[in-house]
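Structural characterization, general
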Amino acid sequence: MFFPTETNAFEFDWAMAQITASGVWPTIRGKKVYDSQTGKEIFKKWVGIFKKYREVLNGITVHFLPPRINTEKPDRTTCIDAIMNQLPYGDTRGFVMFFNQTDSERTEEITVPVFYTGLTELSVPPAPFENTKNSDVLYPLYGEEIAPLVIKARDGSQRTFVTDEKVEDKPVLPLPEAELTECKICVSKEDKQPENYSIDTNGNIKMKITLPPMSYEWYVLKRPKEDK
């Protein structure tokens, strides 16, 4: 669906960004990825990013801001969404990408969980974020794709995806009021202009993100840089 890439450059780049942010890397074969110089540059850009951050992109995936679909326009969302990958060791501790899948510029203060970077004072992860899903999807075995998708709620009940009513999210207990700690983490947009952020007692940091319509930004998380 992305070919010719010269015409569908935006869609091709967007898909590659989401694939990379999700911590997966598909097998992409054939000559068509080089059907234009534009397509080749997009492909080369994301292959380079994946190779540089391969270790953390294969780490712990935290989909902490799932997309909220705009029911009036299903190919758009209603707010910024985000996904990140983290590791509790090494130089690069996290890779997070924010997406604005709306038709307007958005500025939001976003709570970013950084427990899995290993740079907090917590020994266990904090409570789930509000509105994160409370159900686990069980996919059919390979070769049984015609079987209905089964939704298994955490209370043990099961429903089929096709015929039963939607499984509603259950209330998530609020996190205790947070205070800043001495722990810090270094955050840099596209691994440039690093800035230290203070981690709070819930293992989170606050980031103010401004994104143009239908755009994304990615950030790298590392150990805090030394103060000069």
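Described in the following lines is the structure provided in the data block. (Residues numbered from 1 in each chain as written. Predicted model: local features only at pLDDT ≥ 70, side-chain atom pairs only at ≥ 80, totals over all residues. Heavy atoms only, no water.)

1. Some thoughts on the overall build of the protein
What the protein contains, in helices and strands, is 3 helices and 11 strands. In the protein, the succession of helices and strands from N to C terminus is α-α-α-β-β-β-β-β-β-β-β-β-β-β. For the protein, buried positions account for 39% of its 228 residues. If you take every contact in the protein between residues at least 6 apart in sequence, the share linking residues at least 24 apart comes to 63%. (Helix = DSSP H or I, 4+ residues; strand = E, 2+ residues; numbered from the N terminus. Buried < 20%, exposed > 50% of the residue type's maximum accessible area, 1.4 Å probe, protein only. Contact = heavy atoms within 4.5 Å.)

2. Observations regarding the sheet that holds strand 2 (residues 80-86)
Reading across the sheet, the 6 strands line up as 1-2-3-11-8-9 and stay open at both edges, with antiparallel pairing between neighbours. Edge strands, defined here as strands with exactly one partner in the open sheet, are strand 1 (60-65) and strand 9 (192-200). Between one strand and the next, the sheet's axes are offset by a mean angle of 25 degrees, whatever the strand orientation. In this sheet, strand 11 (residues 215-222) lies alongside strand 8 (residues 180-189) in antiparallel orientation, the contact comprising 4 bridges. Along strand 11, the bridge assignment pairs Cys186 with Lys222. (Pairing = 2+ DSSP bridges. Axes fitted to C-alpha atoms, helices over the stretch in contact; angles between N-to-C directions.)

3. Quick notes on the pairing of strand 3 (residues 92-100)
Of all 9 residues making up strand 3, 9 are buried, and the element is well covered by its neighbours. Direction of pairing for strand 3 relative to strand 11: antiparallel, over a ladder of 8 bridges. Within strand 11, the position partnered with Phe95 by the bridge is Val220.

4. Quick notes on helix 2 (residues 37-52)
In an α-helix there are 3.6 residues to a turn, and that puts residues three or four apart on one side. The end-to-end C-alpha separation of helix 2 is 22 Å, in line with the 22 Å expected for 16 residues at 1.5 Å each. Among the residues of helix 2, Gly39, Ile42, Phe43, Trp46, Ile49 and Phe50 are the ones counted as buried. The buried residues of helix 2 all sit within an arc of 130 degrees when viewed along its axis, so they share a single face. Structural note: helix 2 exposes Lys44, Lys51 and Lys52 on the side pointing more than 90 degrees away from its buried face. (Expected span 1.5 Å × (residues − 1). Arc of directions from axis to C-beta.)

5. Re the side chain of Gln86
If you trace the backbone, Gln86 turns up in strand 2. In this structure the side chain of Gln86 is engaged in a polar contact, spanning 3.0 Å, whose partner is the backbone nitrogen of Tyr116. Residues contacting Gln86, with those up to four places away along its chain left out, are Val56, Gly59, Ile60, Val62, Arg93, Gly94, Pro113, Val114, Phe115, Tyr116 and Thr117. (Polar contact = N/O pair within 3.5 Å; in protein donor to acceptor, adjacent residues only side chain to side chain.)

6. Here's the deal with the packing of helix 1 (residues 9-21) against helix 2
A pair of packed helices can be characterised by two numbers: the angle between their axes and the separation between those axes. For the pair helix 1 and helix 2, interaxial distance at closest approach is 10 Å and the crossing angle is 10 degrees. Taken together, the axis directions place helix 1 and helix 2 in an arrangement best described as roughly parallel. In contact with Ala9, Phe12, Asp13, Met16, Ala17 and Thr20 of helix 1, helix 2 contributes Thr38, Gly39, Ile42, Phe43, Lys45, Trp46 and Ile49. For the contact of helix 1 with helix 2, the class distribution of residues is 8 nonpolar, 3 polar and 2 charged. (Parallel < 35°, antiparallel > 145°, perpendicular 65-115°, else oblique. Nonpolar A, V, L, I, M, F, W, Y, C, P; charged D, E, K, R; others polar.)

7. Points about the packing of aromatic side chains
Under the counting rule described, the total for this entry stands at 11 aromatic pairs. Relative to Trp218, the ring of Phe95 lies with its centre 5.1 Å away and its plane at 15 degrees, an arrangement referred to as stacked. With a gap of 123 residues between them, Phe95 in strand 3 and Trp218 in strand 11 connect regions that are remote in the sequence. (Phe/Tyr/Trp six-rings, centres within 6.5 Å; stacked < 30°, edge-to-face > 60°.)

8. Description of unusual backbone geometry
Following Phe3, the chain continues into Pro4 via a peptide bond in cis, with omega recorded as 5 degrees. Tracing the backbone through its elements, the reader meets Pro4 in the segment before helix 1. Its identity as a non-glycine residue notwithstanding, Asp191 has a phi of 65 degrees, on the positive side. For Asp191, the location among the structural elements is in the loop between strand 8 and strand 9. Residue classification places Asp191 among the partly exposed residues on the basis of a relative accessible area of 21%. Backbone geometry places Met214, a non-glycine residue, at a positive phi of 50 degrees.

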